[in-house]
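Chain by chain, the residues:
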Amino acid sequence: MTAPAADRARYDRATAHLDAPLAIVDLDAFDANAADLVRRAAGKPVRVASKSVRCRALLERVLARDGFQGIMSFTLAESLWLARSGFDDILLAYPSADRAGFAELAADPKLAGAVTVMVDDPAQLDLIDAARAGGREVVRVCLELDTSLKLLGGRVRVGARRSPLHSPAQLAELARSVARRPGFRLVGIMAYEGHIAGVGDTVAGRPLRSRAVRLMQTAARRELAGRRAAVVRAVRAVAPDLEFVNGGGTGSVQHTAAEDAVTEIAAGSGLYLPRLFDNYTSFTGRPAALFAQPVVRRPGVGAVTVLGGGYPASGVAGPDRLPVPYLPEGLRYDPQEGPGEVQTPLLGSPADDLLIGDRVWFRHAKAGELCERFEALHLVRGDEVTATVPTYRGEGHTFL
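Keep in mind that what you see is a predicted model, and the values were worked out from it rather than measured.

Colleague: How would you explain the nonpolar core if you had to name every residue and give the values?
Modeller: Counting 88 residues, the largest nonpolar core has L58, V141, Y272 and L377 as its most contacted members. In contact with L377, not counting residues within four places along its chain, are A23, V25, C55, L58, Y272, C371, A387, T388, V389 and T391. Of all hydrophobic cores here, the second largest spans 11 residues; its members include Y11, A14, L22 and L327.

What follows is the structure, given as structure tokens:
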């Protein structure tokens, strides 16, 4: 029996008492992926990105491991909820316009001590001040550096459109604005190099494109390392007690950890290892998060239909944003239909061995977005479900 076939047999046995659709996390794979992130971070703490996990029990599990420290959250409401749940080191990775949330933050010393908010514009400080509603707690602030690679005098940009702060002078100027302003304390810098950490460098069947991606990423890493070091020097001249400099992402952990200016690494998707991380040469992992859909129809030879399954990931729409049929191996989408909201036809010779009620296992394109579809994750070790834990959705929260 091949390894994928053995995994399928294990997952089917473990969940035989459950009705699909359902989602699982293979704990052996999850723990192995966590250990690999720590290894690649080479002694620097890994801040786990909650967006990629969206399950409190698994956040607690990974943070109990040596090498992990703190959470990188994605909304202010989520940050406050996590702080009330006992997490005490939460970096909000995106600016917020949640006025009610800022009022809560500024009024509660526990929340204000646990949550750091992201800014890249003085107008965001104005919004926070206007939302305080009398709250006088000092708000912890992190500045975000734009990591994009700019070429040809800025006419060509490689990287996500995030912060407008690109140069050391721009970061230092905003740092001075924070330092002059009562009620705020600058504690960190964040720089997420998504064009390196979140873009695979080997594209199946496209060797020239793969080489171009690797060349781009090498150039981007070199440019960013020098600029990030200069930014940190400039900001520390204003705020010498800076607590952290956060960088990285699952795809660039070892490269970012090698920079002296960086004090901690952000990662999260590598715990679940969704399909978008199959296209990297710098590391390998084990698929840990899967979902199963039941076979409900057999429309013909070499074809079955499963219930639901149309769970596309965010980003530019395309085939790489779709879940992939994983087990049994050899199934593919009908090109005329693709994965559908209520049914998904699948083609391939393995379909003829599937019976009504059997399940097909899928991998999502991204990590935590899977949890927006399911209220619970069944935690599998070996061929047993050892626990069933709620996702954010299962606890009544859909933060975005």
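Next, the rest of the story.
Colleague: Tell me about the side chain of R10, residues and numbers included.
Modeller: Tracing the backbone shows R10 in helix α1 (residues 3–14). Polar contacts involving the side chain of R10 include one to the main-chain carbonyl oxygen of G382, which spans 2.6 Å. Non-local contacts of R10, meaning those with residues more than four positions away in its chain, are made with D26, V380, G382 and D383.

Colleague: Would you mind going over the sheet that holds strand β9 (residues 184–191) in detail, with residue names and values included?
Modeller: In space, the eight strands of this closed barrel follow the order β2-β3-β4-β5-β6-β9-β10-β11, with parallel pairing throughout. Looking at each pair of strands side by side, their axes are set apart by 30 degrees on average, direction ignored. As paired elements, strand β10 (residues 244–247) and strand β11 (residues 264–267) share two bridges and run parallel to each other. What sits directly across from G247, in β11, is I265. The strands that helix α3 (residues 56–63) touches are β2 (46–49) and β3 (68–73); relative to β3, the one it contacts most, it runs at about 145 degrees. Sheet strands in contact with helix α4 (residues 76–84) are β3, β4 (90–92) and β5 (115–119), and its direction is about 175 degrees off that of β4.

Colleague: How would you sum up α4? Please name residues and give values.
Modeller: Counting buried residues in α4 gives seven out of nine residues, a clear majority hidden from the surface. Burial in α4 covers these residues: L76, E78, S79, L80, W81, L82 and A83. The inward-facing, buried residues of α4 contact α3, β3, β4, α5 (99–107), α6 (109–114) and β5. A positive backbone phi angle near 110 degrees is found at G86, which sits one or two residues after α4.

Parameters and conventions
Residues numbered from 1 in each chain as written. Predicted model: local features only at pLDDT ≥ 70, side-chain atom pairs only at ≥ 80, totals over all residues. Heavy atoms only, no water. Core = buried A, V, L, I, M, F, W, Y, C linked by side-chain atoms within 4.5 Å. Buried < 20%, exposed > 50% of the residue type's maximum accessible area, 1.4 Å probe, protein only. Contact = heavy atoms within 4.5 Å. Helix = DSSP H or I, 4+ residues; strand = E, 2+ residues; numbered from the N terminus. Polar contact = N/O pair within 3.5 Å; in protein donor to acceptor, adjacent residues only side chain to side chain. Pairing = 2+ DSSP bridges. Axes fitted to C-alpha atoms, helices over the stretch in contact; angles between N-to-C directions.

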